[in-house]
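# Fold and geometry: a report
Below, each chain spelled out in residue letters.
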Amino acid sequence: MSKTGIGVIGCGNISQKYMTAMRQFPNIELRAVADMRQSVADVRGREFNVPAMRVDQLLKRDDVEIVVNLTVPLAHTDVSLAVLNAGKHVHSEKPLGVNVAEARKVMDLAAQKNLRVGCAPDTFLGGGHQTARKLIDDGAIGTPVAGSAFFMCPGHERWHPAPGFYYLRGGGPMLDMGPYYITDLIQLLGPIASVMGSVSMLRKERLVTSEPMNGEMIPVEVATHVAGTLEFVSGALVTIAMSFDVPKHRHTPIEIYGTKGSILVPDPNRFGGEVMVAKLGGDFEAMPTTHGNAEGEYRSIGVADMAAAIQNNRPHRASGALALHALEAMEAFQTSSDEGRRVKLETTVERPAMLPPGLPTGQLD
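Residues numbered from 1 in each chain as written. Predicted model: local features only at pLDDT ≥ 70, side-chain atom pairs only at ≥ 80, totals over all residues. Heavy atoms only, no water.

### Observations concerning helix α6 (residues 127-137)
How we decide: Only protein chains enter the accessibility calculation, which uses a 1.4 Å probe. A residue is then buried if its area is under 20% of the maximum for its type, exposed if over 50%, and partly exposed in between. Strands here are runs of E lasting at least two residues and helices are runs of H or I lasting at least four, both read from the DSSP assignment and numbered beginning at the N terminus. When checking whether two residues touch, look at their non-hydrogen atoms; a contact exists if any pair is within 4.5 Å.
Most of α6 is tucked away, with 9 of its 11 residues classed as buried. Along α6, the residues classified as buried are G127, G128, H129, Q130, T131, A132, R133, L135 and I136. As for α6, its buried residues are in contact with β7 (144-152), α8 (178-189), β13 (254-258), β14 (261-265) and β15 (276-279). Where α6 terminates, the next one or two residues include G139, which has phi positive at roughly 85 degrees.

The structure is reproduced here in structure tokens:
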């Protein structure tokens, strides 16, 4: 099997998970890493036995075909544009841009240059979520009519070593955690038609309690509690709440309610997890997992799928179009709250193809 060469720009907290996961996919190979902080790149380079270099040097390498952009959200657009201008495909950490206008620049340039754009999250390709997809497609709950999606916590300043960017433009619970939930909902239910939302930001500063910034105050620029309704083209209505302001709750991550039953979908920030179905009038029962890549960390499966799609001339699943549609939905919550109205989305997207059931971990076709 020929291997597609991968370069990584951005060697921070999440990069170790990506680079470790890449080893599980035989069709891709990490070739080089870069970061604006050379010392950080050097650490990752030594850890994974690949060259660490400047960004401009990485972009000139002939053996790198796809660049994974793991920079902070405010840098996503500029870095992705640089990658595309260098003639390489790009897979970005979420969000695709800090707003739809920025993300469109990436998509437009990629179209001009006939290059591919991918974007996290790719957790929806995990075995737990693909199992839920198959059950819904097979009619296990009948026609989906409604659902709920909840991520709520007290804030990332409790654990992250440098949490400031989570509260700046491009951050907040909706742009940070919303991509996992909304992307999974799109792959389960199809495209979104409109959004209604309300948002709040009750604190303009947050106290960091994690090391090494313990005791420091960080500014807040974005809404820290976002709630509302997603109306899907299919007619399904999903209640959603994303928050950095909730000490504790007992909501499950995602539930979908159909005409013949209900399904509990695992945490969309994980690849696996138990899927449960309750038929009309019955209790919830655990369903067998039908897909691979279920138990473990596969946070490069979207990159591997893009590489396979390029080789096989098919659409890739964690696409820029999917990320743009999810981003427009997320941005619409603020617009709806500010303007007091339902926001109809301009973008749309086809559901990404379900992975074939029964494939072993690391195999995509």
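Moving on, there is more to tell.
### Observations regarding the side chain of T224
Applicable threshold: A 3.5 Å cut-off defines polar contacts: any pair of N or O atoms within that distance qualifies, except that in protein one atom must be a possible hydrogen donor and the other a possible acceptor, and neighbouring residues in sequence count only when both atoms are side-chain atoms.
Mapped onto the secondary structure, T224 falls in the loop between β10 (217-219) and β11 (225-232). Among the polar contacts made by the side chain of T224, one reaches the side chain of D245 at a distance of 2.7 Å. If we ignore the near neighbours within four places in the chain, the residues touching T224 are Y167, P173, S200, M201, L202, R206, M242, S243, F244 and D245.

### Considerations on the UniProt feature "domain: GFO/IDH/MocA-like oxidoreductase" (unreviewed entry) in the chain
Here is the rule we go by: UniProt positions are given in the numbering used here, feature names are shortened, and annotations may be inferred rather than shown by experiment.
Look at the UniProt record and you will see "domain: GFO/IDH/MocA-like oxidoreductase" (unreviewed entry) annotated at residues 129-263. Taken end to end, residues 129-263 has its terminal C-alpha atoms 11 Å apart, with 19% of it in helix and 35% in strand.

### Topic: the UniProt feature "domain: Gfo/Idh/MocA-like oxidoreductase N-terminal" (unreviewed entry) in the chain
The UniProt entry lists residues 6-118 under the feature "domain: Gfo/Idh/MocA-like oxidoreductase N-terminal" (unreviewed entry), expressed in the numbering used here. A helix fraction of 42% and a strand fraction of 20% characterise residues 6-118, whose end C-alpha atoms lie 13 Å from each other.

### Overview of the sheet that holds β13
Counted only if it meets this: The pairing criterion is simple: DSSP has to find at least two bridges between the two strands. In this analysis an axis means a line fitted to C-alpha atoms, helices contributing only their contacting stretch, and an angle means the value between N-to-C directions, from 0 to 180 degrees.
Taken together, the 9 strands give an open sheet; going across it, the order is β16-β15-β14-β13-β7-β12-β11-β8-β17, and neighbouring strands pair in mixed fashion. Each edge of the sheet is formed by a strand with only one pairing partner; in this case those strands are β16 (285-286) and β17 (343-344). By the bridge criterion, 2 bridges tie β15 to β16 in an arrangement that is antiparallel. Among the inter-strand pairings, V277 is bridged to a residue of β16, identified as E285. In the packing of α6 onto the sheet, contacts are made with β7, β13, β14 and β15, and the angle to β14 comes to roughly 165 degrees.

### Brief notes about the packing of aromatic side chains
What describes a pair of aromatic rings is the distance from one ring centre to the other and the angle between the planes of the rings. The following threshold applies: Side-chain rings of Phe, Tyr and Trp, where Trp is taken by its six-membered ring, are said to pair if the distance between their centres is within 6.5 Å; with planes under 30 degrees apart they count as stacked, over 60 as edge-to-face, and otherwise as tilted.
In this structure the tally under the stated criterion is 5 aromatic pairs. With centroids separated by 6.4 Å and ring planes inclined at 55 degrees, the aromatic side chains of F151 and Y181 adopt a geometry described as tilted. One end of the pair, F151, is in strand β7; the other, Y181, is in helix α8, and 30 residues separate them in sequence. Taken together, a centroid distance of 5.5 Å and an interplanar angle of 65 degrees make the contact between Y167 and F244 edge-to-face. With Y167 in the loop between β7 and α7 (172-176) and F244 in the loop between β12 (237-243) and β13, this residue pair connects regions lying 77 residues apart in the sequence. By the ring-pair criterion, three or more aromatic residues cluster together here, those being W159, F165 and Y166.

### Examining the sheet that holds strand β3 (residues 52-53)
Taken in spatial order, the 6 strands make up an open sheet running β3-β2-β1-β4-β5-β6, and their pairing is parallel. Strands with a single pairing partner mark the edges of an open sheet, and in this sheet they are β3 and β6 (117-119). In the sheet, strand β5 (residues 89-92) pairs with β6 via 3 bridges, with the strands oriented parallel. Within β6, the position partnered with V90 by the bridge is V117.

### Considerations on the nonpolar core
To keep things clear, this is the line we draw: Residues enter a nonpolar core if they are buried and are Ala, Val, Leu, Ile, Met, Phe, Trp, Tyr or Cys, with the set joined through side-chain atoms within 4.5 Å.
One finds L58, I182, L185, I192, L230, I256 and I263 to be the most contacted residues of the largest nonpolar core, which totals 104 residues. Non-local contacts of I256, meaning those with residues more than four positions away in its chain, are made with I136, I141, P144, A146, G147, L185, L189, G261, S262, I263 and V265.

### Considering the environment of N49
Turning to its location among the elements, N49 is positioned in the loop between α2 (38-48) and β3. By relative accessible area, N49 is classed as exposed at 71%. Separated by 18 residues in sequence, N49 and R31 place their C-alpha atoms 9.1 Å apart.

### A closer look at the layout of surface pockets
For the record, the criterion: Only protein atoms enter the calculation, which uses a 1 Å grid: trapped sets of points that fit a 1.4 Å probe without letting it out are cavities, open sets showing protein on both sides within 12 Å along at least five of seven lines are pockets, and any residue with an atom within 4 Å of a point is a lining residue. Grid points are joined across faces, edges and corners, and a volume is the space filled by probe spheres set on the points. Polar here means any residue other than Ala, Val, Leu, Ile, Met, Phe, Trp, Tyr, Cys and Pro, which are nonpolar, and Asp, Glu, Lys and Arg, which are charged; Gly is therefore polar.
In this structure, the largest pocket encloses a volume near 1,200 Å³. Lining the largest pocket we find 43 residues, and of these N13, I14, H160, F165 and Y166 sit closest to its centre. Mapped by element, the contributors of at least two residues to the lining of the largest pocket are α1 (15-22), α4 (76-85) and α7. Here the residues of the lining of the largest pocket are counted per class, giving 22 nonpolar, 11 polar and 10 charged. The space that makes up the second largest pocket amounts to roughly 300 Å³. Lining the second largest pocket are 19 residues; nearest its centre among them are G171, L175, V222, M330 and Q334. Elements represented by at least two residues in the lining of the second largest pocket include exactly α7 and α10 (320-339). Within the lining of the second largest pocket, the residues separate by chemical class into 11 nonpolar, 5 polar and 3 charged.

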